[in-house]
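Given next are the chains, with one letter for each unit.
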Amino acid sequence: LLDCNLHLEFDDLAKRVAENMLLPLDHGGTAREHGEDLYLYEFASVNECLVFNGWVFGIFGLWDHARRTADPVVQGKLDRSILTLNKTLSLFIRNNGWSYYDTAGRLASPFYQDLHISLLEALYRLTTIETFREQMQVCQKGNSFINRTWYTITKIKDKLFDKQLYSSQPLTK
């Protein structure tokens, strides 16, 4: 009986988390709908700066919840967000295979480059959407010693001198 109660409490908590995450940005949530597109934000801010890993981790959370509960509403939102990410993936990957941390143009550090490669692989394995595999391979090629060195130096320089992108204040557009 105790185990059953814990599962019910967990299900209720997970549902509340998913509902909160899917609230629009201007209502304290982390979602933005634009037509059929559904964007998941890392934090509730109306500056509309998408963080790649935050979006993907949001997808993973919805994925887990949809699989556990078979909630058709969450499944529909999950599907829409995956398709939106698939369609907008180019916002996060430079021509040379290095990734952006976010849509504000902050370059990924080598740590985040590795994370983005792993996230793209996980997305491909979960969805079998070829774009995720293709872009993972592009990022793997871009993860060269020369790029890792160059983007480490660039990241240090940006953090020291770009007070707009790397301040604790929200970004403004």
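*Asks:* How should I be thinking about the packing of helix 4 (residues 110-127) against helix 5 (residues 130-142) in this particular structure?
*Replies:* To describe two helices that pack against each other, one gives the angle between their axes and the distance between the axes. Following both chains from N to C, one finds helix 4 and helix 5 inclined at 155°, their axes separated by 8 Å at the closest point. When the axes of helix 4 and helix 5 are compared, the pair comes out roughly antiparallel. Crossing of helix 4 over helix 5 shows left-handed handedness. Packed against helix 4, whose contacting residues are Gln 113, Ile 117, Leu 120, Glu 121, Leu 123, Tyr 124 and Thr 127, the element helix 5 presents Glu 130, Phe 132, Arg 133, Gln 135, Met 136, Cys 139, Gln 140 and Gly 142 at the interface. Residue composition of the contact of helix 4 with helix 5, grouped by class: seven nonpolar, five polar and three charged.

*Asks:* How should the pattern of salt bridges be read in this particular structure?
*Replies:* Once the charged atoms of two side chains with opposite charge are near each other, the side chains can pair. Tallying each qualifying case throughout the model produces eleven salt bridges. Measuring nitrogen to oxygen at the nearest pair gives 2.7 Å for the salt bridge that ties Asp 11 to Arg 68. Of the two residues, Asp 11 is situated in helix 1 (residues 2-21) and Arg 68 in helix 2 (residues 52-69); the sequence distance between them amounts to 57 residues. Residue Asp 11 is classed as partly exposed on the basis of its relative accessible area of 27%. Arg 68 gets classed as partly exposed once you look at its relative accessible area, which sits at 41%. The closest approach of N and O atoms between Asp 12 and Arg 16, which form a salt bridge, is 2.7 Å. Note that Asp 12 and Arg 16 are positioned in helix 1 at a spacing of four residues, about one turn of the helix. For Asp 12, a relative accessible area of 38% translates into the label partly exposed. Residue classification places Arg 16 among the partly exposed residues on the basis of a relative accessible area of 47%.

Analysis parameters
- Per chain, the residues get numbers from 1 upward, laid out in the order the sequence is written.
- The model is predicted, so local features are restricted to residues of pLDDT at least 70 and side-chain atom pairs to those at 80 or more, both for listing and for counting; the totals for chains, interfaces and linings are taken over all residues.
- Only hydrogens and water are set aside when side-chain values are computed; all heavy atoms of the structure are taken into account.
- To get an axis, a line is fitted to the C-alpha atoms, and for a helix only the part in contact is used. The angle between two axes follows their N-to-C directions and goes from 0 to 180 degrees.
- Put simply, DSSP H or I for four residues or longer makes a helix, DSSP E for two residues or longer makes a strand, and each gets a number counted from the N terminus.
- Put simply, angles under 35 degrees are roughly parallel, angles over 145 are roughly antiparallel, angles from 65 to 115 are roughly perpendicular, and the rest are oblique.
- A crossing counts as left-handed when the near helix is turned anticlockwise from the far one by less than a right angle, and as right-handed when that turn is clockwise.
- It only takes one pair of heavy atoms within 4.5 Å for two residues to be counted as in contact.
- For this classification, Asp, Glu, Lys and Arg are treated as charged, while Ala, Val, Leu, Ile, Met, Phe, Trp, Tyr, Cys and Pro are nonpolar and the rest, including Gly, are polar.
- Take a side-chain nitrogen of Lys or Arg and a carboxyl oxygen of Asp or Glu: if they are within 4 Å of each other, that pair is a salt bridge.
- Throughout, exposure labels follow a simple rule: accessible area from a 1.4 Å probe, protein chains only, divided by the maximum for the residue type, with under 20% read as buried, over 50% as exposed, and the rest as partly exposed.

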